[in-house]
Amino acid sequence: MRLVLLGPPGAGKGTQAKMLEGELGLPQIASGDLLRTAVRAKTPLGVEARRYMDKGALVPDELVIKLVEQRLQQADAVNGYILDGFPRTHKQAEALRQMLAGHGQAIDVVAALIVPNDEIVKRISGRRTCRNCGATYHLIFDPPRNMNVCDKCNGELYQREDDAEDTVRMRLQTYDTQTKPLLEYYEQAGLLRRIDGVGSLETVHQRLKTALAGVAQRA
Ligand code: AMP
């Protein structure tokens, strides 16, 4: 299955994608993770991308499209994937459609997590990320066993620069203007499922699984 998870930053896309990953046996492909890896490695693309990410702005389409296209060609993606954070603009959505059509493929379903902005700000300010493996926690909703230490790899937990409140508000504005119109785009394509993203991780996960049940898979 080729699944796209849409929703504002902090809607729970990453967490839900990780929960689905094991159940569906499909890799989570998160454009934000691909970019952060490039930033850490200080590749030319990473250095360029960082200028936008630190401000809460979108990285230029060409850079992200290239990065995701390379990732989709890897062996673990042949039977499908969970796309998290991509596409985020109309241009990216069209590029994705075309790159798949070139292989006789298409997106099977788009699940949009709907969460109000105030709830997002509350959630993101408590988010902590592992510097080593990228796992995410929430100080209140999903705390690590030991403060500032990753349960999975013992790496150090930190607050992403772009998770600071002002930057979050900026990212939400970017979402509203650039990404939200994709709901309409995918609705018209008959692919959209809207999911109420407010509630416990498990509640939202059940809603997501119900929405995905019976989705017809294409080639
Ligand atoms: P995320 O981890 O999905 O919240 O992404 C973190 C940051 O990476 C975003 O605020 C953007 O600056 C950048 N980013 C991630 N995915 C994309 C994308 N599809 N298009 C443009 N920028 C992106």
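Preceding this section is the structure that the text describes.
A brief structural summary.

**Some words on the sheet that holds strand β6 (residues 136-138)**
Part 1 of the reasoning: Taken in spatial order, the 3 strands line up as β6-β5-β7 in an open sheet, and their pairing is antiparallel. A single partner strand is all that each edge strand has here, and the edge strands are β6 and β7 (157-158).
Part 2 of the reasoning: In terms of strand pairing, strand β5 (residues 127-130) meets β7 through 2 bridges, oriented antiparallel. When the sheet's bridge partners are listed, Cys130 is paired in β7 with Leu157.

**Focus on the packing of aromatic side chains**
Part 1 of the reasoning: One pass over the full model with this rule turns up 1 aromatic pair.
Part 2 of the reasoning: An angle of 85° between the planes, with centres 4.9 Å apart, marks the rings of Tyr185 and Tyr186 as edge-to-face. Each member of the pair Tyr185 and Tyr186 is classed as buried.
Part 3 of the reasoning: For Arg131, the ring lying beneath its charged end belongs to Tyr158, and the centroid distance is 4.2 Å.

**Let's talk about the site of the ligand**
Part 1 of the reasoning: Looking at the ligand, there are 16 residues lining it, with Ser31, Ala57, Gly85, Gln92 and Arg171 nearest.
Part 2 of the reasoning: For the ligand, an oxygen atom lies 2.6 Å from a polar atom in the backbone of Ala57.
Part 3 of the reasoning: Contact distances for the ligand include 2.9 Å between a nitrogen atom and a side-chain N or O atom of Arg88.
Part 4 of the reasoning: Here the ligand has 480 Å² of accessible area as a free molecule, and 95% of this is covered by the chains.
Part 5 of the reasoning: Looking at the shell around the ligand element by element, the count peaks at 4 residues for helix α2 (residues 31-40).
Part 6 of the reasoning: Here the residues of the shell around the ligand are counted per class, giving 7 nonpolar, 4 polar and 5 charged.

**Some details on unusual backbone geometry**
Part 1 of the reasoning: Omega for the peptide link from Phe86 to Pro87 comes to 0°, which places this bond in the cis form.
Part 2 of the reasoning: Looking at the element boundaries, Pro87 is found in the loop between β3 (81-84) and α5 (90-101).
Part 3 of the reasoning: Even without being a glycine, Asn148 presents a positive backbone phi close to 65°.
Part 4 of the reasoning: Within the secondary structure, Asn148 sits in the loop between β6 and β7.
Part 5 of the reasoning: Look at Asn148 and you get partly exposed, because its relative accessible area is 40%.
Part 6 of the reasoning: Located in the positive-phi region is Asn154, a residue other than glycine, with phi close to 65°.

**Re the pairing of strand β4 (residues 109-114)**
Part 1 of the reasoning: Most of β4 sits out of view: 5 of its 6 residues are buried.
Part 2 of the reasoning: One ladder, built from 4 bridges, connects strand β1 (residues 2-6) with β4; its direction is parallel. Along β4, the bridge assignment pairs Val4 with Val110.

**A few points about helix α3 (residues 44-53)**
In an α-helix there are 3.6 residues to a turn, and that puts residues three or four apart on one side.
Part 1 of the reasoning: All of the buried residues in α3 are Leu45, Gly46, Ala49 and Met53. Taken down its axis, α3 places every buried residue within 90° of arc, on the same side.
Part 2 of the reasoning: Of the surrounding secondary structure, the elements contacted by the buried residues of α3 are α2 and α4 (61-72).

**Side note on α2**
Part 1 of the reasoning: The set of residues buried in α2 consists of Ser31, Gly32, Leu35, Arg36, Ala38 and Val39. The buried residues of α2 all sit within an arc of 160° when viewed along its axis, so they share a single face.
Part 2 of the reasoning: Elements in contact with the buried residues of α2: β2 (28-30), α3, α4 and β3.
Part 3 of the reasoning: Remark: Lys42 follows α2 within two positions and exhibits a positive phi of approximately 55°.

Definitions and cut-offs
Residues numbered from 1 in each chain as written. Predicted model: local features only at pLDDT ≥ 70, side-chain atom pairs only at ≥ 80, totals over all residues. Heavy atoms only, no water. Pairing = 2+ DSSP bridges. Helix = DSSP H or I, 4+ residues; strand = E, 2+ residues; numbered from the N terminus. Phe/Tyr/Trp six-rings, centres within 6.5 Å; stacked < 30°, edge-to-face > 60°. Buried < 20%, exposed > 50% of the residue type's maximum accessible area, 1.4 Å probe, protein only. Lys NZ or Arg CZ within 6 Å of the ring centre and 35° of its normal. Near = heavy atom within 4 Å. Polar contact = N/O pair within 3.5 Å; in protein donor to acceptor, adjacent residues only side chain to side chain. Areas by Shrake-Rupley, 256 points an atom, 1.4 Å probe, with all protein chains shown as cover. Nonpolar A, V, L, I, M, F, W, Y, C, P; charged D, E, K, R; others polar. Arc of directions from axis to C-beta. Contact = heavy atoms within 4.5 Å.

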